[in-house]
Amino acid sequence: MPSKTSQQPAYKRILLKLSGEALQGEEGFGIQPEKLAQVGAEIARVTQLGVQVALVVGAGNFMRGANFNDSELDRVTGDQMGMLATIMNALALRDALDRKSVAVQVMSALAVHGVVDCYNRRHALEALDQGQVVIFAGGTGNPLVTTDSAAALRGIEIKADLLIKATKVDGVFSADPVKNPKADFYPTLTYDQVIERRLGVMDLNAILLCQEHNLALRVLNMNKPDALLHTVLGESVGTLVQ
């Protein structure tokens, strides 16, 4: 792996919640090689600083279990299909990081023997301490639970210093900034404010987990070059919730 830079990171260990949409192209489905390579490069740059990086990846580029509420497909079945899709994304990310000479492991809460390792907290901590990127796939292994909650849970379990949620917008706003350009931007928020204002930063269970365990959350636009790097260097990027 390339040598570390002289820049000093503000965090020792982070958990990056990456949506499946971050890997898709303009066609709105699947994995675009250019997007995958971009995400891999962003993560590789952070590891060069000596920051320990864990990821939870979603499956929105393939499917969402919640979309089947009004369909004939059973919700539990849909969620299980979504968990399998997160493993597909995790394998793609592993390959992208391999090509950047970054040591990486995939651990899944859903057992897929011969493809990925099963999640083991002690093994994950050991891998992180050894400088390996650890990708958590399969959500929590349970239906009816979002990958936001999985990210909060894994962040707490590995004692991350910061949970980062990568989105398509520049942080948290009073309303959807795409639909309402006049929406107010919040540089900082408390968890109580997020709950009281129903801002929809993450699902309520994830927010409550972070609040209870004092895990700070930063919401940022992953599409902006070096947003992740600037964040781990302690710069004010996006919205900080704590």
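Residues numbered from 1 in each chain as written. Predicted model: local features only at pLDDT ≥ 70, side-chain atom pairs only at ≥ 80, totals over all residues. Heavy atoms only, no water.

### Section: the nonpolar core
Side chains of a nonpolar character, in soluble globular proteins, are inclined to be buried together. Where we set the bar: By nonpolar core we mean a set of buried residues, namely Ala, Val, Leu, Ile, Met, Phe, Trp, Tyr and Cys, connected to one another through side-chain atoms within 4.5 Å. With a 1.4 Å probe rolled over the protein chains alone, any residue whose accessible area is under 20% of its type maximum counts as buried; one over 50% counts as exposed, and the rest are partly exposed. The secondary structure listing takes helices from DSSP runs of H or I that are at least 4 residues long and strands from runs of E that are at least 2 residues long, numbered from the N terminus. Between two residues, a contact is recorded if the distance between any of their heavy atoms is within 4.5 Å.
Membership of the largest hydrophobic core comes to 41 residues, with the highest contact counts inside it found for Ile14, Leu18, Ile43, Val133 and Ile135. When residues of this core are traced back to their parent elements, those giving at least two are strand 1 (13–18), helix 1 (33–47), strand 2 (52–57), helix 2 (75–98), strand 3 (104–108), strand 5 (133–137), strand 6 (162–167) and helix 7 (227–232). Among the elements that make up this core, the one with the highest residue count is helix 2 (six residues). Residues in contact with Ile43, not counting those within four places in the same chain, are Leu16, Val53, Leu55, Leu97, Val133 and Leu228. By size, the runner-up hydrophobic cluster in this structure holds 32 residues, among which are Ala54, Met107, Leu125 and Cys210.

### Details of the pattern of salt bridges
How we decide: Basic side-chain nitrogens of Lys or Arg form a salt bridge, by our definition, when they fall within 4 Å of a carboxyl oxygen of Asp or Glu.
Using the criterion set out here, one finds eight salt bridges in the structure. One salt bridge connects Asp95 with Arg99, and the closest N-O pair in it is separated by 2.9 Å. Since its relative accessible area comes to 39%, Asp95 is described here as partly exposed. Residue Arg154 is joined to Glu157 by a salt bridge in which the shortest nitrogen-to-oxygen separation is 2.8 Å. Linking Arg154 with Glu157, this pair stays in helix 4 (residues 147–157), spanning three residues, or about one helical turn. Under the relative-accessibility criterion, Glu157 is labelled partly exposed at 21%. Bridged by salt links that share partners, the residues Lys17, Asp148 and Lys165 form one connected network.

### A closer look at the packing of helix 4 against helix 6 (residues 204–212)
The test is simple: Note on definitions: angles span 0 to 180 degrees between N-to-C directions of axes, and those axes are lines fitted to C-alpha atoms, for helices only across the stretch in contact. Note on angle classes: values under 35 degrees are labelled roughly parallel, values over 145 roughly antiparallel, values of 65 to 115 roughly perpendicular, and the remainder oblique. A clockwise turn of the near helix away from the far one marks a right-handed crossing, whereas an anticlockwise turn of less than a right angle marks a left-handed crossing. Each residue gets one label: Ala, Val, Leu, Ile, Met, Phe, Trp, Tyr, Cys and Pro are nonpolar, Asp, Glu, Lys and Arg are charged, and the others, such as Gly, are polar.
For the pair helix 4 and helix 6, the least separation of the axes is 7 Å and the interaxial angle reads 15°. Accordingly, the angle class assigned to the pair helix 4 and helix 6 is roughly parallel. Between helix 4 and helix 6 the crossing geometry is left-handed. On the side of helix 4, the interface is formed by Asp148, Ser149, Ala152, Leu153 and Ile156, while helix 6 contributes Asn205, Ala206, Leu209 and Cys210. Across the contact of helix 4 with helix 6, the residue classes break down as six nonpolar, two polar and one charged.

### A short note on the pairing of strand 2
Within strand 2, six of the six residues are buried, leaving the element largely enclosed by the surrounding structure. Alternating positions in strand 2 separate into two faces, Gln52, Ala54 and Val56 on one and Val53, Leu55 and Val57 on the other, with burial throughout.

### Topic: unusual backbone geometry
Phi at Ser101 is positive, roughly 60°, even though this residue is not glycine. Its place among the elements puts Ser101 in the loop between helix 2 and strand 3. Taking the relative accessible area as the measure of exposure, Ser101 reaches 49% and is therefore partly exposed. Even without glycine at this site, Asp226 takes up a positive phi of about 65°. Its place among the elements puts Asp226 in the loop between strand 10 (217–221) and helix 7. Under the relative-accessibility criterion, Asp226 is labelled partly exposed at 23%.

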